[in-house]
Amino acid sequence: MATETDGRTLGNLEGRIAELSALLHQLHADLTSGLQQVNGRIDQTNGRIDRLLVALIAIGGGLIAALVGVIATLAVLAVRAG
């Protein structure tokens, strides 16, 4: 048999479960929002890294072209010298 105390205890537990459920939904919303912000920052960083990589490839290509030019010049000078 359920007593008045048992009914009150069950009512309190039901109220706490409802509060915890609402809190859980709020935490889920906050976590989702935070993860979206982190993903946005990661996308920005990836864009910056991509641009930096392109710049480094361009600089490296320029250096290789310059070295090939120097080697070609030295080869021509060596052939002319004798």
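The paragraphs below set out a description of the structure included in this document. Here the structure is a predicted model, which is why all the values come from computation and not from measurement.

**Digging into the overall build of the protein chain**
And then number 1: A tally of regular secondary structure across the protein chain gives one helix and zero strands.
And then number 2: The C-alpha radius of gyration computed for the protein chain amounts to 35 Å, which surpasses the reference 12 Å derived for 82 residues by more than 25%, pointing to a less compact arrangement than a globule.
And then number 3: Principal-axis analysis of the C-alpha atoms places the extent of the protein chain at approximately 115 × 20 × 10 Å.
And then number 4: Classification of the 82 residues of the protein chain by burial places 0% in the buried group.

**Observations concerning helix α1 (residues 4–81)**
Residues separated by three or four positions in an α-helix point in the same direction, a consequence of the helix having 3.6 residues per turn.
And then number 1: Here α1 contains 78 residues, and its C-alpha end-to-end distance of 113 Å stays within 8% of the 116 Å for a straight helix at 1.5 Å per residue.
And then number 2: Just beyond α1, the residue with positive phi is G82, at close to 145°.

**What to know about the environment of T45**
And then number 1: By secondary structure assignment, the location of T45 is in helix α1.
And then number 2: For T45, a relative accessible area of 38% corresponds to the partly exposed category.
And then number 3: The sequence separation of T45 and L10 amounts to 35 residues, and the corresponding C-alpha distance is 52 Å.

**Description of the pattern of salt bridges**
A side chain with one charge may pair with a side chain of the opposite charge, provided their charged atoms come close.
And then number 1: Tallied over the full model, the rule gives one salt bridge.
And then number 2: The shortest N-O distance in the salt bridge between E19 and R16 comes to 3.0 Å. Here R16 and E19 lie together in helix α1, a separation of three residues that amounts to about one turn.
And then number 3: Overall, the relative accessible area of 48% leaves R16 in the partly exposed class.

**Some points on the environment of E19**
And then number 1: For E19, a relative accessible area of 48% gives the class partly exposed.
And then number 2: Counting along the chain gives 18 residues from E19 to Q37, while the straight-line C-alpha distance between them is 27 Å.
And then number 3: In this structure the side chain of E19 is engaged in a polar contact, spanning 3.0 Å, whose partner is the side chain of R16.

**Quick word on a nonpolar patch on the surface**
And then number 1: On the surface, a nonpolar cluster with roughly 420 Å² of combined accessible area is contributed by L52, L56, I59 and L63.
And then number 2: Relative to the helices and strands, L56 resides in helix α1.
And then number 3: Judged by its relative accessible area of 51%, L56 falls in the exposed class.

Rules and cut-offs
Residues numbered from 1 in each chain as written. Predicted model: local features only at pLDDT ≥ 70, side-chain atom pairs only at ≥ 80, totals over all residues. Heavy atoms only, no water. Helix = DSSP H or I, 4+ residues; strand = E, 2+ residues; numbered from the N terminus. Rg over C-alpha atoms; globule rule 2.2 N^0.38 Å. Buried < 20%, exposed > 50% of the residue type's maximum accessible area, 1.4 Å probe, protein only. Expected span 1.5 Å × (residues − 1). Salt bridge = Lys/Arg side-chain N within 4 Å of Asp/Glu carboxyl O. Polar contact = N/O pair within 3.5 Å; in protein donor to acceptor, adjacent residues only side chain to side chain. Patch = residues over 30% accessible without salt bridge, like charges linked within 9 Å, V, L, I, M, F, W, Y side chains within 5 Å. Areas by Shrake-Rupley, 256 points an atom, 1.4 Å probe, with all protein chains shown as cover.

Purely geometric stuff here, so don't read any function into it on its own.
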